[in-house]
Structures are given as structure tokens and as C-alpha cells.
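Here are the chains, one letter per residue:
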Amino acid sequence: MNGLAETLAHTLAPGLLYPTAGAILFALGLYGLIRRHHLVLRILALNIMGSGVFMVLLGVAARGEGPPDPVAQALTLTGIVVAVSATAFALALVVHLTRLTGHAVMLPGPPDDDVPVEDISRETHHADGSPADPSSGEDRPS
Amino acid sequence: MIPADAELLPGAIAGLVALSLAVAILATAWPRQAHRIGLLGALAVTAWVLGLSALFLNAGPDPEAAATRVALGGWEAPLGLMLHLDGLSMTLLVLTAVVGLATSLYSLGYVHDRIERRQFWPLWLWLWAGLNMLFLSGDAFNLYITLEVVSLSAVALVAFTGTAAAVSGAVRYLLVNILGSLSFLMGVVLLFGEHGVLDLVLLEARTEAGPTERMAAVLMTAGLMLKAALFPLHVWLAPAHGSAPAPVSAVLSGLVVTGSFYLILRLWMGVFAPLATPAFGILVGMLGVAALVWGSLQALRAGRLKSIVAYSTVAQFGYLLVAFPLMLVDPGAWRVVVFFAVVHALAKASVFLAAGTLQHAAGHDRLADLGDVLRARPRTVFALGLAGVSLMGLPFTGGFIAKYLLLEAGLGTVLAGSVIGVLWVLAIAGGGLLAAAYILRMVAPTFHRGREDAGETVSPWMDWVPLGLATIAALAGLAGTLTLNTLALTPGAP
Amino acid sequence: MDGGWLLLAILFSSLGPGIAIFFLPEHRQGLRTALNLGGAGTKLALVAVLLDGVLRGDEYYFSLPLMPGIDLVLAADSLSLLFASLSAVLWFVTTIYAIGYLEGSPRRSRFFGFFSLCVSATVGIALSGNLVTFLIFYEILTLATWPLVVHRGTPAALRAGRLYLAYTLTSGLVLFTAIVWLTLLAGAEGFTPGGYLDGLADTHATTLQILFVLLMIGFGVKAALVPLHSWLPIAMVAPAPVSALLHAVAVVKAGAFGIIRVVNDVYGTELAIELGLTAGLLVVAAITIVYASIQALRTDDLKQRLAFSTISQVSYIILGVALAGPLGIIGGLVHLVHQGITKITLFFCAGNFAETLGIHRISELDGVGRRMPLTMLAFTLGALGMIGLPPLAGFVTKWHLGLGALEAGMPWVLGVLILSSLLNAAYFLPPVIRGWLGERREPWHEPLQAQAGPTRFETHWMLLFPVVFTAALGLLVGLFAGLELSPLGWVSLIVRRDYSLPEFGL
């Protein structure tokens, strides 16, 4: 009994609790990323992984004596900024893809011989303001 | 002269970062003029890099004298950010400048729509700036940031044609990249937690073969392998590289992938060097052999020109993995590996540019229906063939010299008594044969009897730049000694 | 670097025009012809200057660092000059022939571009000063000939091209590996008469034997040693000038030249004998000679018969080298030249028959001697030369090979020579007899006249002149073999100067 309590108390110390929880979050996110197909869920999963990384970073900063390491805090902040912008970009892409295909999932596999290839360098591409091949999509950023 | 050059170096390094960022920012702020800014910027950055390399080489031949660390804003590590230039980064900067300039010139012809120009050029300039910073970063966290700059602009470049296939490919590419970056970051965090520093040189001095280092090594290497599309984490590459616009494919396959590989190499030569065991080396080498075979077979099966080229990247990167066990036996072999990567990047970029020209002319890149255009465009096919010869590793190209040195390292391990070395030698020699087979698939229709149809007119840039770059890739054979000598100016490396 | 510019100039005299021709539009026929002939003429002149210089004892050497410790080395010794002058002379003739042969056909810029590249590679092989340099030009030759083999673009041509590449690239890799290995062991030494591997003989004997086998596989494919020869008879679908190039000037010769270099200047004959290497090579060469001759008997296609004859004849060169005595080596080296001149004549003749009269088979040759007497005469001279009738070129070769066999104490080789001469007669005499004595009942098809109008001579002069020239050359080198500047004289000089073998007399 006593041993378990001690272990628990030891585990709950921020220096170990945060990294452990962070690692669990990281693993959970990875699982979600692999298992889910809806792209928004996948992006969420990536964010969960990211949170895991930041938790580990914060826990690492709190370990040891004295006040937490300011460098780690700064790194976390920077990391969050990067993660937010990457997420925003990913969501924008997913929105665009959903508009084009009607589904928020990726097209299957590598492009095979039947998929029409979009070539932006060809004049015909913009002859009437739309792509050369009507089947390849209509919504273009402009 | 020598002290003067060495004194100029720090300023020149910081100047390169500032210049490439300034060009990118200017183009973003002024999208209407982006292509003009881009062209001038490309020329300026290339000139700057070449000047820097002259300074760098003049400051040699002592690696400690030539390699330079610059503390940004006067803040030294561990607190401040360090820029770090040595033989390895110098070589890759020059490579980036050459491929970058060629891609920029090619894009003048390829991206001609006003709106697309505004989207393409800023993104591409950010990518270039990101690569330059990546090669100059000497700090693990900063590497993460630059990796993200490179990845995000690369993803945007894949997506910017806006078709469903392109956007889907971009989303896949993005997910893979974020996953890779996060894995890398987790490793950085672990290292930071253990040692309290981020600067690579300081880290290297403190690391030993402990459990934290092992975990960090696994996470960072896996993340970077994912980004570098190293077997078996390569599945995303062909859809992304194969469906992107030609200049983007060229940069992705030529530079971005090489950038991730550069990081792997740098980490394993420095921070993780104590972790490399022979058994691990054999495992990596096996992966390389599998990549060679699998990538080549896919390239032999693929029906589209650009898919073939994309799969060939998977195959060619197998050589880099095969070289890993060789480096354990002969540590000096890392320079050969870098030279191989450089030559591959040049050749692969020219093949993609040539493929883009053919695709533009024909309106598609289905190999089965491409014969008419191939026959009518001997210049482009010649570029394709010339760069292809370099990929095969046949003379007189850079690929040959690289293959020679790789084979020499492989035979060296065999002579040193390693039985498994025979497998590496067979892989290195036999891979060229597979490459010949899939390159022949692309070139052979030119020689069939049949109609000629030049297809859509092609701008002179698109006509000549692939040939020019392929010629550079071929002549890179003459720069073998120079490259190896430059690489020797890397302090701490064997 | 002494005199290195001359070697570079010889290399670029065909490389430069070749690259320029690639970029010429198809219709610039005059300029293309001028570039072709200008390049060929320049090369001929430069080789003559080089020949003169080497005779006076000047040293020519060019080197360029390629990799740490390994240089690209061009050097002119008397052996390289033998091959260089042969290819320069025959290239000049073949260029004229090719211009006439391809008149009016499409994609000539591509053809002549690769044609020039091919010859540059051959001269590079001739002038290579070490194995790595040799390998570089050897592989360039492989790549440059492939477009020529598939030039016609027919399914048969493409199949031949695929087979050609499969054979040559695979063997090229074997060669590549062997050369890297050897260089790793012995360093990037230059070719040295008498070899440079003596220091390794005691410690690495087995390795050296394995390496020799690998090297022979590497060179043996191009030299068409049985059982590595299958590509050659199939590659004869290429246009006649290409066949001439493959069989007489460049590809097959490059393989044989490589074997000569390895035996004489890398291993050295003494070491090769000591390790038992020449004996094996001798047997392979003898088998090739007899087997290919029998195969030649079985085919009715004229060019295919010539191809099998090439396989057999090139092995004479290797036989001579493998005899490893001075007389044998003289026989082998001189056959490098004699076979080239004779075989190119025969291929030109076959091309003339095909182009002028649409004849491809031996059974169609009846009475062709009356329609095309000069070509038939040349063919006869070539065929008799191959059989070895005195005083033609082939006789000089066989005489020395026979003496060499006796000198080496291997009389059974004499038997091989006699048997092969009988077989030569058996497959070369029928076309000659048919040509002169046969009767043609119906009128000739005249594809050339139908296309280009009546010709002044029996065929286009650009097709006729090369045939007459090389046939006369074949006669002259046999008749005047005693002169110092004849191939035989030159070869004897090489053997005396380069191979410190005991004195010998004829």
C-alpha cells in the first residue's frame, strides 16, 4: 500500500506526470491519425499529437530544482504558433478539397493512367477561364 | 588574403539568410511583380551563394578555419541562435542555388498565367529561403522551424493548381509532413530535456548512448525518413511528386527530399554517432536494397512519365540507405553519399523539368501515347536521356563518379572481411541496370517509327533549361574532387 | 601535360562536330556533310601528326583529376596509335559511305550526331592511359551505339537494341565492378607494358584470377566471345554503315582492344601465363573461332553470315594475345587492323548489294558480278583475305598466328587455324562463286535508281568509293607487309619496343 502511494506521488510530480501524459497523448494522436479517414479528424489527431509534444516539453522544463526553464516556455509558444498556422492551412486545404470532391477524404492512391493531368502551363487551360479538362475540377483559386 | 576571407564569412552567411528572406518577403508583399522580383532574386541569391563558396574555399584548407558559426544578434549558444556553415552545408547551398536558378528560369516559361504567377513565385521563394536557412541552421529547434517553412511552402506549391488530384495530393503530403515534423520535434524535446541545450555542436559534445538518446534518435530519424520518403515510409511520394506542376516536382524531388536526408546525415554524424551499431547498419542497408528493388519495379510498371520519375526517386534514395552500413566501416564514405545525393538532385530535377516540357507539349504524360511528341522533340528527349545516364551511373556523368566511389566503398567493406558487403556491392551495381531499364522505357519510344507531332508550342525556357541542367548534371563528374574537398571542410566529420 | 592538347584535339575533332550536328536542322544537309567530313579529315590529319611525333619519340600525355587518387589519363603509346589510326582511317571512309547510304532518309542529324559520338568514344578508348579512363569511354561507346542500332525504328531493330543494351550494360557493370576492385587493390596505375600487378601476385593470386575472369566477361561481350556473342548477329539489322562501325571500327574492336590491354599492360603476359589465365583464354578463343564459323555456314542471310564471321575472326586477335609469345602477339595485333579493313569492305559490299539491288540473301547473289563488277571484286578480295589466301592481309595474320602457336609449343592451335580456314572457305566461297558464275534470269530490282535516278557508276559514287578504297587497302597491307610503316611493321615495332620479350627473327 505504502509503496503504491509513494509511486503515485512520485508519478504525480510535474517532472514525470507531464512527460508521461504527453507521451500518451502523442500515441493517441498517432492512433487517431492512422485509424480515421475524415480529414478534419486526422488534423485533430495531429493537433493532439502536437499537444503531447508540448506537454513533454513543459514537463521537461519543470523538472529539476528552481524555476521552470524560460527557454522551454519560449519554445512551446513558438511551437504552438507553428502548429496553429499549419492547422489553419490544413483546414483550408480540406475545405477546398471538400468543395471539389464533396467529401473530406483523400482521393485513393497514386494517380493512375486514367486520371486527367492538369497542366497549368498550357494556354488552353485558361482559354475560357476554366481548366482545360472539365472533369478535373472547376473551383480554382483566383 | 586568408584572414580577410575568414573575416568576411560571418557577414556573408547572415547576408545570405537576410537576402533570401528579403526576396521572399518582397515577392509576397508585391505579388504583381513577383515574377520579376523572383527572377532578380534568384540571380542575386545564386550569385551570393557562389561568392560565399569562393570565400569559404579560400578560407580553407583547415576545416576549423573555414567552417563558421555566426551568433545572430550577438547572442551565443546556448541562449542565442547560431548559424552554422561548413563544407556539408556549403555543398548543399550551392546545389540548391543551381537547381533553384534552373527552376526559376524554367518557371518563367511554365507559369505564365498572371494569377498563378502571383501564387507561384512567393511560395517558391519562401521554399528556397527555407532551404537556405535549413542548411545554415546549427540549432535543433531552429531546424524544426525551417523544416516547417520548407514543408508548408512545398505543400502549398503542390496544391496551387487547385485541382482535386493536386489538392488531395497536397493534403496527403501535408499530413505526412506534419507527422514527420512532430516526430522530429518530440525527439528534439527529449534531447533538450536530457541535456538542456539545443545547439547541435553543444549537444554532440554531451550525448552518449543512453536510453533518451535512443528514443530521440528513433523519433527524429523516423520523422525525417518520412519526410525524405525513405523506404518503407515512401508511399506518399509518388502521388505528391507525380501530380505537382513540373518545376515543383523538380524542386521536391531534387531539393526538399535531399534537405531531409541532409538532416538525417548531420544528426547521425554528430549527435547520434555513438548509437550506430553494425546490426543497425545492416538493417538500414536492407531497407535500402528493398527501396532500390521496389522503387525500380514500380517505375517499370508505372504508366505515366512523371510517376516513373517519382518512383525512381524512391529507388535512388535506396542507395543512400545502402551507403549507411558502408559509412560504419569507412566513416569517410559520408562524403561520397553527399556527392551522390547532389548528383542525384541535379539529374532528377532535370528529368522532371524535361518531363514537364513533354507533358506541356502533349497535354498529358501517359507514356503509351507520348511517342509522337517524343519523336518531335529530340532536344528534350536528349536532356531526359543525358540526365537519365547520370541516374544510371554511367559515364561521363556525375552519376558515374558517384557510383564509382560508392562501389569503391562497398568493395572496401568486402575486402575488410564483411560478408554482407557482397549484398551492398550487388545492390549498388545492379541498381544501375534497373535504372537503365526504366529510363529506357521513357526514351525508347523516340526511336520507334511513327508520326511526329510537336504538340503545343513550348517557351524557349522550357525547351532549353532542362538540357542546360542535364548538362550540368553530366559535367558534375568533373566537380567530383572539388565537391569531396569542400565536404572535407566539415569539422568533426571523419 | 606535354603535348596533351593534341590528344584532346583528336578527341574533340569528332566530338565537337558531333554535338554541333545534333543541333542542326534536318534540312541543312550541306553543312552537316561539311561538318562530318571536316571532323573526319581533321582527325585523320591530327592522328598523322601524332603518329609522326610518336615515331620521333615524343611523349604525349594528358591528365585530369576525376576522383581523389584517380585521374582521367590520355596517353599515346604505339599500341594506342595502332587502334587510333585504324579507327581514324576507317571512320573517314565510313562517313563517306554513310552519307551516301543515308541520302534522303529521315533523322540524319540524330544519326550522324551519335555516329560522331561513337567514334569519339572509340578514339578515347584507344588513347586511354589507364583502366578507369578506358571504362569511361567504353561505356560511352555502349550508349552512343544504341541509338544507331535502333536507328531504323522497326520492331526488329528495337528488339536488337534491347538485346544489345542488355548484354553490354550487364557486362559493363561486371567490368565496372572488376575495375573498381582492381583499382582498390593496385591503385589507378597507368597501362604499363609488362603489367603492374607483380607486387600482388604472391598475396592475391586467387583474387587476380577471379578479377581476370570478370574483366574477360566485361570485355568478352563486346568482343563477342562465345557464349557472350548472341547480340552481334541480331544487331546486324542496323543500317550497313552502323554494322561496319560495330564490326570493324568500334564496338567489337573495343572489346578485343580491352582484352589486349588487360593481358599485356595490366597483368603482363608473364603474370598471365603464371596464373594460368592465358590458357583459359586460348581455349575460349579457339572454341569461338570454330563454333562461329559453323554457325556462319548455316545462315543464308549475307549480313548475318558476315556477323558470325566477325565473331570468329575477332577471336583470332584474342587467340594471338592468349598465345602470349611475341609472334602470337604480332599475329593478334596485326589482325586488329587486317580484320577491320577486310570486314569493313565486306559490310560495305553487303550494304551496296542491299541498297542498289535489294539483295539480302546469298541465294539471290547469282550473277551480281556482271551488274556490279567493282563491288563484287571488292567482295572477292575481302572474302579471300578472310580465308587467308596469300598475299592478302588475312594470310599475314594466320602465318604469324601459326608461327606463334609453334613458338608457344601448342601445335593443336595450328589445327584450329587450319580447320577455321577451311570453314572460312566453305562459307565465303559460295557467295563469291554465285556472284561471278551464277546466272540471273529476271531483271534486277533497282531500288536505288528508282529512288534517285540513274547513277554514273554501278552504284552511287559515295557507296562505291569506300568499297574500292578499303579493298585496295586490304590488298596493299598484305602486299607491302614487309614495309616498316605497314601494320605488320608497326606491330613488330610495338612488340619490340613495348614488350621486353626476347629477340626474335622471321
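### Focus on the overall build of chain C
At step 1: Along the backbone of chain C there are 21 helices and two strands.
At step 2: Taking 506 residues into account, the globule formula puts the C-alpha radius of gyration at 23 Å, and chain C, at 22 Å, falls close to it.
At step 3: When the 506 residues of chain C are sorted by exposure, 65% land in the buried category.
At step 4: Accessible surface, chain C: about 16600 Å² in total, of which carbon and sulfur atoms supply 66%.

### Digging into the overall build of chain B
At step 1: A tally of helices and strands in chain B yields 20 helices and two strands.
At step 2: Computed over its C-alpha atoms, the radius of gyration of chain B comes to 21 Å, within 12% of the 23 Å expected for a compact globule of 494 residues.
At step 3: Considering only C-alpha atoms, chain B reaches an extent of 65 × 60 × 45 Å along its principal axes.
At step 4: Residues classed as buried in chain B amount to 68% of the 494 residues present.
At step 5: With an accessible surface of roughly 14500 Å², chain B has 69% of that area assigned to carbon and sulfur atoms.
At step 6: Both charge centroids of chain B, one from 24 positive and one from 24 negative side chains, sit 13 Å from each other.

### Section: the pairing of strand β2 (residues 70-75) of chain C
All names here are of chain C.
At step 1: In terms of burial, β2 is a largely internal element, five of the six residues being buried.
At step 2: Looking at chain direction, strand β1 (residues 61-67) and β2 are connected through six bridges and run antiparallel. If you follow M67 over to β2, its bridge partner there is I70.
At step 3: The hairpin formed by β1 and β2 contains two residues between the paired strands, and G69 there has a positive phi angle of roughly 85°.

### A closer look at the nonpolar core
At step 1: Ranked by size, the top nonpolar core spans 414 residues in total, and within it F184 and F272 of chain B together with L50, L197, Y267 and F353 of chain C carry the most contacts.
At step 2: Among the elements that line this core, the one with the most residues is helix α14 (residues 334-362) of chain B, at 20 residues.
At step 3: Among residues more than four places away in sequence, those in contact with L197 of chain C are L182, A186, L208, V266, Y267 and L271 of chain C.

### Considerations on the environment of E408 of chain B
At step 1: Structurally, E408 of chain B is set in helix α17 (residues 398-415).
At step 2: Of the residues examined, E408 of chain B reaches a relative accessible area of 21% and is grouped as partly exposed.
At step 3: Sequence separation of E408 of chain B and V425 of chain B is 17 residues, and the distance between their C-alpha atoms is 8.8 Å.
At step 4: In this structure E408 of chain B touches I70, V180 and L184 of chain C, once residues within four positions along its chain are discounted.

### Let's talk about the side chain of R32 of chain C
Residue and element names in this part refer to chain C.
At step 1: Looking at the element boundaries, R32 is found in helix α2 (residues 29-55).
At step 2: Comment: no salt bridge for buried R32; closest opposite-charge side chain is E26, at 4.1 Å.
At step 3: Among the polar contacts made by the side chain of R32, one reaches the side chain of S109 at a distance of 3.1 Å.

### Here's the deal with the pattern of salt bridges
Side-chain pairs of opposite charge can arise whenever the charged atoms involved come near each other.
At step 1: Taken as a whole and judged by the stated rule, the model has 15 salt bridges over all chains.
At step 2: Taking the shortest distance from any N to any O, the salt bridge between R69 of chain B and D199 of chain B comes out at 2.9 Å. Residue R69 of chain B is found in strand β1 (residues 68-71), and its partner D199 of chain B is found in the loop between α7 (164-195) and α8 (200-206); the two are separated by 130 residues along the sequence.
At step 3: One salt bridge connects D300 of chain C with R361 of chain C, and the closest N-O pair in it is separated by 3.3 Å. Here D300 of chain C, found in the loop between α12 (277-297) and α13 (302-323), pairs with R361 of chain C, found in the loop between α14 (326-357) and α15 (368-371); they are 61 residues apart in sequence, far enough to count as distant.
At step 4: Bridged by salt links that share partners, the residues D372, R375 and R451 of chain B form one connected network.

### Things to note about the interface of chain C and chain B
At step 1: In this assembly, 37 residues from chain C lie in contact with 38 residues from chain B.
At step 2: Where chain C abuts chain B, roughly 3300 Å² becomes buried across the two surfaces, and 80% of that area is made up of carbon and sulfur atoms.
At step 3: When residues of chain C are sorted by the area they lose upon contact with chain B, M67, F176 and L184 of chain C head the list and together hold 16% of the total.
At step 4: Remark: the boundary between chain C and chain B carries one salt bridge.
At step 5: Note that E452 of chain B and R107 of chain C form a salt bridge whose closest N and O atoms lie 2.7 Å from each other.
At step 6: Summed over the shared surface of chain C and chain B, the result is four residue pairs in polar contact (both at pLDDT 80 or more).
At step 7: No other element matches helix α6 (residues 155-186) of chain C, which puts 13 residues into the side of chain C that touches chain B.
At step 8: Taken together, the residues of the side of chain C that touches chain B sort by class into 28 nonpolar, five polar and four charged.

### Regarding the side chain of T221 of chain B
Residue and element names in this part refer to chain B.
At step 1: Tracing the backbone through its elements, the reader meets T221 in helix α9 (residues 211-228).
At step 2: By relative accessible area, which is 12% here, T221 ends up buried.
At step 3: Reaching out from T221, the side chain makes a polar contact with the backbone oxygen of A217 at a distance of 2.5 Å.
At step 4: Non-local contacts of T221, meaning those with residues more than four positions away in its chain, are made with I264 and W268.

### A look at a negative patch on the surface
At step 1: Where like charges cluster on the molecular surface, the negative patch consists of D198, D202, E270 and E274 of chain C.
At step 2: By secondary structure assignment, the location of D202 of chain C is in the loop between α6 and α7 (205-222).

### Concerning the interface of chain A and chain B
At step 1: Contacts between the two partners involve 55 residues from chain A, matched on the other side by 55 residues from chain B.
At step 2: Carbon and sulfur atoms make up 73% of the area that chain A and chain B hide from each other, which totals about 4700 Å².
At step 3: Where chain A touches chain B, the interface holds zero salt bridges.
At step 4: Of all the secondary structure elements, the ones that give two or more residues to the side of chain A that touches chain B are α2 (14-35), α3 (39-62) and α4 (70-101) of chain A.
At step 5: In terms of residue count, α4 of chain A provides more of the side of chain A that touches chain B than any other element does, 14 residues in total.
At step 6: Looking at the side of chain A that touches chain B, its residues break down into 31 nonpolar, 13 polar and 11 charged.

### Points about the environment of L211 of chain C
At step 1: Its location among the elements puts L211 of chain C in helix α7.
At step 2: Residues L211 of chain C and V174 of chain C, 37 residues apart in the sequence, show an inter-C-alpha distance of 9.8 Å.

### Examining a nonpolar patch on the surface
Residues and elements named next belong to chain C.
At step 1: On the surface, L374, L377, L429, I433, W436, L437 and V468 cluster together to form a nonpolar patch covering roughly 610 Å² of accessible area.
At step 2: Broken down by secondary-structure element, the contributors of at least two residues to the nonpolar patch are α16 (373-387) and α18 (411-437).
At step 3: Among the elements that take part in the nonpolar patch, α18 stands out by supplying four residues, more than any other.
At step 4: With respect to the helices and strands, the residue W436 is situated in helix α18.
At step 5: Overall, W436 belongs to the partly exposed group, its relative accessible area being 32%.

### Concerning the packing of α17 of chain B against α6 of chain C
At step 1: Relative orientation of the contacting elements α17 of chain B and α6 of chain C amounts to 65°, with a least axis distance of 9 Å. Once α17 of chain B is placed against α6 of chain C, the crossing between them reads as right-handed. Counted together, F400, K403, Y404, L407, E408, L411, G412 and L415 of chain B of α17 of chain B and F176, T177, I179, V180, W181, T183, L184 and L185 of chain C of α6 of chain C form the full contact between these two elements.
At step 2: Tallied by class, the residues present in the contact of α17 of chain B with α6 of chain C amount to 11 nonpolar, three polar and two charged.

### Thoughts on α16 of chain C
All names here are of chain C.
At step 1: Its 15 residues place the ends of α16 21 Å apart at the C-alpha level, agreeing with the 21 Å of an ideal helix rising 1.5 Å per residue.
At step 2: Those residues of α16 that sit buried are T375, M376, A378, F379, T380, G382, A383, G385, M386 and I387.
At step 3: Tucked into the core, α16 has its buried residues touching α13, α14, α15, α17 (393-407), α18 and α20 (461-479).
At step 4: Phi turns positive one or two residues past the end of α16, at G388, with a value near 100°.

What counts, and at which threshold
- Residues numbered from 1 in each chain as written.
- Chains lettered and ligands numbered in written order.
- Predicted model: local features only at pLDDT ≥ 70, side-chain atom pairs only at ≥ 80, totals over all residues.
- Heavy atoms only, no water.
- Helix = DSSP H or I, 4+ residues; strand = E, 2+ residues; numbered from the N terminus.
- Rg over C-alpha atoms; globule rule 2.2 N^0.38 Å.
- Buried < 20%, exposed > 50% of the residue type's maximum accessible area, 1.4 Å probe, protein only.
- Areas by Shrake-Rupley, 256 points an atom, 1.4 Å probe, with all protein chains shown as cover.
- Lys, Arg positive; Asp, Glu negative; His and termini not counted.
- Charge placed at Lys NZ, Arg CZ, Asp CG, Glu CD.
- Pairing = 2+ DSSP bridges.
- Core = buried A, V, L, I, M, F, W, Y, C linked by side-chain atoms within 4.5 Å.
- Contact = heavy atoms within 4.5 Å.
- Salt bridge = Lys/Arg side-chain N within 4 Å of Asp/Glu carboxyl O.
- Polar contact = N/O pair within 3.5 Å; in protein donor to acceptor, adjacent residues only side chain to side chain.
- Buried area = accessible area lost by both parts, 1.4 Å probe.
- Nonpolar A, V, L, I, M, F, W, Y, C, P; charged D, E, K, R; others polar.
- Patch = residues over 30% accessible without salt bridge, like charges linked within 9 Å, V, L, I, M, F, W, Y side chains within 5 Å.
- Axes fitted to C-alpha atoms, helices over the stretch in contact; angles between N-to-C directions.
- Left-handed = near helix turned anticlockwise from the far one by under 90°.
- Expected span 1.5 Å × (residues − 1).

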